[in-house]
Amino acid sequence: MNESEGPSLEVENLTVSIPLAEGTLRAVRGISFQVARGETLCIVGESGCGKSLTSLALMGLLPAKAVRGADRLVLHGRDLTALSERQMSDVRGESMAMIFQEPMTSLNPAYTIGNQLEEALRRHRTLGRGEARERAIYLLEKVGITAAASRLQQYPHQLSGGLRQRVMIAMALMCGPDLLICDEPTTALDVTIQAQILHLLRDLQREFNMAIILITHDLGVVARMADRVAVMYAGQIVETGTAAEVFAAPTHPYTQGLLQCIPIPGRTPRGEHLGSIPGVVPSLIGEIAGCSFANRCPHAMPACQAEPPMRDLAPGRMVRCVLDPAGAAARQAEMA
Amino acid sequence: MSVVSSGLPSAQEIVGPTPGQRLRRRIFGHRGIVLGGVILGIIVLMAVLAPLLAPYDPYEQILTARIKPPVWYPGGTWEHVLGTDQVGRDYLSRLIYGAQISLMIGLFAAVLSGIIGTAMGVAAGYFGGRVDLVVTFLITCRLSLPVILVSLAVVAVIGGSLEVVILVLGLLLWDRYAVVMRASTLQVRSLDFVAAAQTTGCSTWHILVSEILPNVMNQLIVVATLEFAHAVLLEAALSFLGLGVQPPLPSWGLMIAEGRNYILFDAWLIAIPGLALFTLLLAVNLLGDGVRDVTAPENRG
Amino acid sequence: MLVYTAKRIVLAILVALTISMLVFSLLYLSGDPATALAGESATDADIEKLRRDYGFDRPVWVQYLSWLGNAARGEFGTSLYFRLPVSELILERLPTTMTLGVSAMSFAVLLSIPLGVLAAMYPNSLIDRSALFLAVVGQAMPSFWFALMLIVLFAFTWPVLPASGSDSWAHFVLPTVVLGYYATPAFMRLTRTGMLDVLSSDYIRTARAKGLRPASVLFKHALRNAIIPVVSLAAVQFGFMLGGSVIIETVFALHGAGFLAWESISRSDFPTVQAILLLFSLLYIVLTFVADLLNAWLDPRIRVG
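Because the structure is predicted, anything quoted here is derived from the model rather than measured.

1. Quick look at the packing of helix α10 (residues 214–252) of chain C against helix α11 (residues 257–266) of chain C
All names here are of chain C. α11 packs onto α10 with a crossing angle of 85 degrees between their chain directions and a minimal axis gap of 7 Å. The orientation of α10 with respect to α11, classified from their angle, is roughly perpendicular. Packed against α10, whose contacting residues are Ser245, Val246, Glu249 and Thr250, the element α11 presents Ala257, Gly258, Phe259 and Trp262 at the interface. Taken together, the residues of the contact of α10 with α11 break down into four nonpolar, three polar and one charged.

In structure tokens form, the structure reads like this:
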């Protein structure tokens, strides 16, 4: 396969385990997905489903005690599992970059914006300070920050949350990465700023032809941003597909339940009870027998005691469920 | 007939241990607390039971048996297990009675400074405004005074004794109480249940005693242990310098001072009381650290 | 920043004045200072003469103001014991104390900061436990006893260092170790806590995500923030060490201002005692002020505002 074609990122059977006093916490239990160049993949799920740990695992930023395993972890043809920590730090910030949820605390308060931006570039490229500065100004303008040159002298505490997140984005793009991972980038921001940031990410993706993995629990963000969606539950991916496919015809009972919970203007009848998914997420410590959603699934049956297979419904469209996908629509109507 | 388990957890299993049980478990599971507590307990017992434990009168001078070494040295006997000092007083007895002095100083000074400092700190934290300004100013002034020098000077002017030392230390060591209690009160004050008490018309005194105080108690205990140790240490230093407790009282600091002239050949004269001091201080520090770890681990450091 | 500084200066002056009043009033704790100075065998006439000579017959506030006025000009009267101007005495002894203070501080910093950083990097490891052990022992160890034990070891058992006096640099070794170790626990703990906090912060995660090398993350990003409270602690600790120097200098017979303080106190040499008390307090006030400024300057959130 030519290096300029093929997926940006290939992940096969990624696991993250954390040894605890009570046992091993299997936070990510064998997930596989791909992201194509120029595509946005949204990983959506509730808190605790393992989506943040997935992003940290990809970057090699897991906490010391956590153990990562993967059959395949390939970024633009480069095998990440074979890299030493030193080599991985060369990749981080250069070929793959990440922005986080809390812009207010993600920048070092002791250094200027300019210092932190230029540092991101000069770590990976031999450039003079002038060149680095130019790139910083260029990117600050790209992310919509006016008076960029004077901003370089400012300290993080002098900027608002929205501005800081834009700076984070600019910082992530300093080396022109192939893949940008965004972990809940707008959750901590005002609703109006959220829209702007998402719009910005879209524009930048188009311009730089980046692959984006966007982690979120907000289905509204998914609807706006996703080319493709991966729904995560209890450390596993339970459904994948294009955004249109998953929203129009959710197949996994969990996905159906999620969509049921959101009022959709124009569709959900007034006064109607919003759905909720009964039960709680099972503990991820130790082994989980069978389907992890079984204890909350309205369609659970004895067959669910065994690990449900990942079924291919179409290229790129998969569901981890024993149920016959054909009856999905009927089941969904049932739940409404 | 066998009882078949229903498979459901019992009520106790669901509820789990009570907060009291959990706290007790943490307290006794913490090595520092246990170690510190045991050592302190032993020393307290030693002080309380001194008349029963001490083989001799600590003030009795046996001039024919001066500077006898402890039993593990050549020339030592079991008659004086820890030897005798320069005027023939039994060292073991003096050591045991010395515990009384250190503990008393620590306790009374810590309590006196505790009352002063807590009153100031809670008032500053609760009432804010001018009260806070005045208290903060007083704390700053107090912090600018070199405690050792001031204590020395005061004792020199009015004369040294157990009571004077307690008074001086009690009137000087309130600063940490004030600072910590002020911070804790500020924190607690902004919590909802205080606002609730205020709106229902509880008197200020009632609020302070029933709502604020119980919640700052943990911090208070930690500071109290630290200031206890501080007072013990300062008394030992003052007595060592001749401006604390006066002879013939068996203050450990005084014993070290008296033994100083003999350190060339009879170093045990200073080693033994010094070790006692160290052990007591270690125990109290471990206890204080432990209480802090157990009740507010975020303040660890 | 300017307003901050101005406020701090005003506060410092107010505190200094309050302290001066306290120090001055120390003389009156025993009642009549003339009687105290005169001694036991003095007659009434002697006491009266003393009272007039020293100006104790003036109203108290006049005495205070005159003392304060003189102090501002550096005149503290004459030492009752040494029969020399107090300011001369102090100036002669001060360099020794300062030398001791600076070397003890250096010892403390060189020992505690690397330890604190390592302890934070490897929590619950052997080095973490050792660092904490060192701190706990340091807090429980009476400095004068530690000093004496070191003297026994290094001046008698293995005679490598002098036991007392202040003639050569060797005379400063043991005092530096004792006084330095006295300050170590606070530094070590503050560094460790600070680093632990900082290392788990979001901006360190960002730094790692940028692919920065570990040394850069540790020193440029982490330490730079963790060190801020330590720097201001250093200034404050220096002040505490001045108090501790009284004990250390006395044990080692190091002829510094601390030893002079003890000598004067034991001999009721009031003018000298008052002068040293005032001086140490003023030094402490200045150091706290400097610490506040350093703190503000190192933190852009306060400096740039």
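This is not the end of the story, as more comes after the structure.
2. Details of the side chain of A:Glu39
On the secondary structure map, A:Glu39 appears in the loop between β2 (23–35) and β3 (40–44). Sequence-distant contacts of A:Glu39, defined by excluding residues within four places in its chain, comprise A:Gln34, A:Gln205, A:Met210, A:Ala211, A:Ile212, A:Asp227 and A:Arg228.

3. Topic: the interface of chain A and chain C
On the chain C side, the residues contacting the 27 residues of chain A number 20 residues. Summed over both partners, the interface of chain A with chain C buries about 2,200 Å², with 52% contributed by carbon and sulfur atoms. The interface formed by chain A and chain C contains three salt bridges. Run the count over chain A and chain C and you get 16 residue pairs in polar contact (both at pLDDT 80 or more). Secondary structure elements with two or more residues in the side of chain A that touches chain C: α2 (85–91), α3 (113–122) and α6 (161–173) of chain A. With four residues, α3(A) is the single largest residue contributor to the side of chain A that touches chain C.

4. A few points about the interface of chain B and chain C
Many structure descriptions define interface size as the accessible area lost when the parts assemble. At the interface, 42 residues of chain B touch 42 residues of chain C. Buried area between chain B and chain C, summed over both chains or domains, comes out near 3,800 Å², and the portion from carbon and sulfur atoms is 81%. Seen at the junction of chain B and chain C, the total is one salt bridge. For the pair chain B and chain C, the number of links is five residue pairs in polar contact (both at pLDDT 80 or more). Of all elements in the fold, only α6 (129–143), α7 (147–158), α11 (204–240) and α13 (268–295) of chain B reach the threshold of two or more residues within the side of chain B that touches chain C. Looking at the side of chain B that touches chain C element by element, the count peaks at twelve residues for α13(B). Residues that form the side of chain B that touches chain C fall into these classes: 32 nonpolar, five polar and five charged.

5. Overview of the arrangement of the chains
Where the two pairs of chains in contact are concerned, the greatest contact count is recorded for chains B and C. Over all C-alpha pairs, chain A and chain B never come within contact, reaching a minimum spacing of 15 Å.

6. Quick notes on the domain arrangement of chain A
Residues and elements named next belong to chain A. What the domain assignment lists for chain A is domain 1 (7–95 + 177–335) and domain 2 (105–176). A separation of 30 Å is found between the C-alpha centroids of domain 1 and domain 2. The interface of domain 1 with domain 2 comprises 19 residues on the first partner and 16 residues on the second. Among the residues of domain 1 in contact with domain 2, Glu94, Pro177 and Leu200 are the three that bury the most area, contributing 30% of the side total. Inspection of the domain 1/domain 2 interface yields three salt bridges. Among the ionic pairs, Asp90 bridges to Arg123, the shortest N-O distance being 2.8 Å. For the pair domain 1 and domain 2, the interface holds eight residue pairs in polar contact (both at pLDDT 80 or more).

7. Notes on the pattern of salt bridges
All names here are of chain B. Under the defined criterion, the tally for this structure stands at 30 salt bridges over all chains. Close ionic contact of Glu258 with Arg94 constitutes a salt bridge, the shortest N to O distance being 3.9 Å. Taken together, the positions of Glu258 in helix α12 (residues 252–259) and Arg94 in helix α5 (residues 91–127) put the pair 164 residues apart, joining distant regions of the chain. For the pair Glu258 and Arg94, a shared accessibility class is recorded, and that class is buried.

8. A look at a nonpolar patch on the surface
All names here are of chain B. A surface patch of nonpolar side chains, about 560 Å² in accessible area, is lined by Val44, Leu45, Val48, Leu49, Leu52 and Leu53. Going through the elements one at a time, α3 (31–48) and α4 (50–53) are the ones with two or more residues in the nonpolar patch. For the nonpolar patch, the leading source of residues is α3, giving three residues. Considering the arrangement of structural elements, one finds Leu53 in helix α4.

9. Quick notes on the sheet that holds β3(A)
All names here are of chain A. Reading across the sheet, the eight strands line up as β7-β8-β9-β3-β10-β11-β13-β12 and stay open at both edges, with mixed pairing between neighbours. Unpaired on one side and paired on the other, β7 (96–99) and β12 (310–314) mark the two borders of the sheet. Direction aside, neighbouring strands of the sheet carry axes that sit 20 degrees apart on average. Taken together, the six bridges between strand β10 (residues 228–233) and strand β11 (residues 236–242) define a ladder with antiparallel strand orientation. Paired with Val229 across the strands is Gly241, a residue of β11. Docked against the sheet, helix α1 (residues 51–59) engages β3, β7, β8 (179–183), β9 (211–216) and β10, running at close to 145 degrees with respect to β7. Against the sheet, helix α7 (residues 191–208) engages β3, β8 and β9, with an angle of about 160 degrees to β9.

10. Observations concerning the packing of aromatic side chains
In the structure shown here, the tally under the stated rule is 15 aromatic pairs over all chains. Plain terms: the ring middles of C:Phe146 and C:Tyr181 are 5.5 Å apart, the flat faces sit at 55 degrees to each other, and that makes the pair tilted. Residue C:Phe146 is located in helix α7 (residues 143–157), and its partner C:Tyr181 is located in helix α8 (residues 170–199); the two are separated by 35 residues in the primary sequence. When sorted by exposure, C:Phe146 lands in the same class as C:Tyr181, which is buried. Three or more aromatic residues joined by ring pairs form one cluster here, namely A:Tyr233, A:Tyr254 and A:Phe293. One Lys or Arg, B:Arg189, reaches over the ring of B:Tyr126 and ends 5.2 Å from the middle of that ring. The lysine or arginine in question, C:Arg267, covers the ring of C:Tyr81, its NZ or CZ lying 3.8 Å from the ring centre.

What counts and what doesn't
- Residues numbered from 1 in each chain as written.
- Chains lettered and ligands numbered in written order.
- Predicted model: local features only at pLDDT ≥ 70, side-chain atom pairs only at ≥ 80, totals over all residues.
- Heavy atoms only, no water.
- Axes fitted to C-alpha atoms, helices over the stretch in contact; angles between N-to-C directions.
- Helix = DSSP H or I, 4+ residues; strand = E, 2+ residues; numbered from the N terminus.
- Parallel < 35°, antiparallel > 145°, perpendicular 65-115°, else oblique.
- Contact = heavy atoms within 4.5 Å.
- Nonpolar A, V, L, I, M, F, W, Y, C, P; charged D, E, K, R; others polar.
- Buried area = accessible area lost by both parts, 1.4 Å probe.
- Salt bridge = Lys/Arg side-chain N within 4 Å of Asp/Glu carboxyl O.
- Polar contact = N/O pair within 3.5 Å; in protein donor to acceptor, adjacent residues only side chain to side chain.
- Domains from an automatic or database assignment.
- Buried < 20%, exposed > 50% of the residue type's maximum accessible area, 1.4 Å probe, protein only.
- Patch = residues over 30% accessible without salt bridge, like charges linked within 9 Å, V, L, I, M, F, W, Y side chains within 5 Å.
- Areas by Shrake-Rupley, 256 points an atom, 1.4 Å probe, with all protein chains shown as cover.
- Pairing = 2+ DSSP bridges.
- Phe/Tyr/Trp six-rings, centres within 6.5 Å; stacked < 30°, edge-to-face > 60°.
- Lys NZ or Arg CZ within 6 Å of the ring centre and 35° of its normal.

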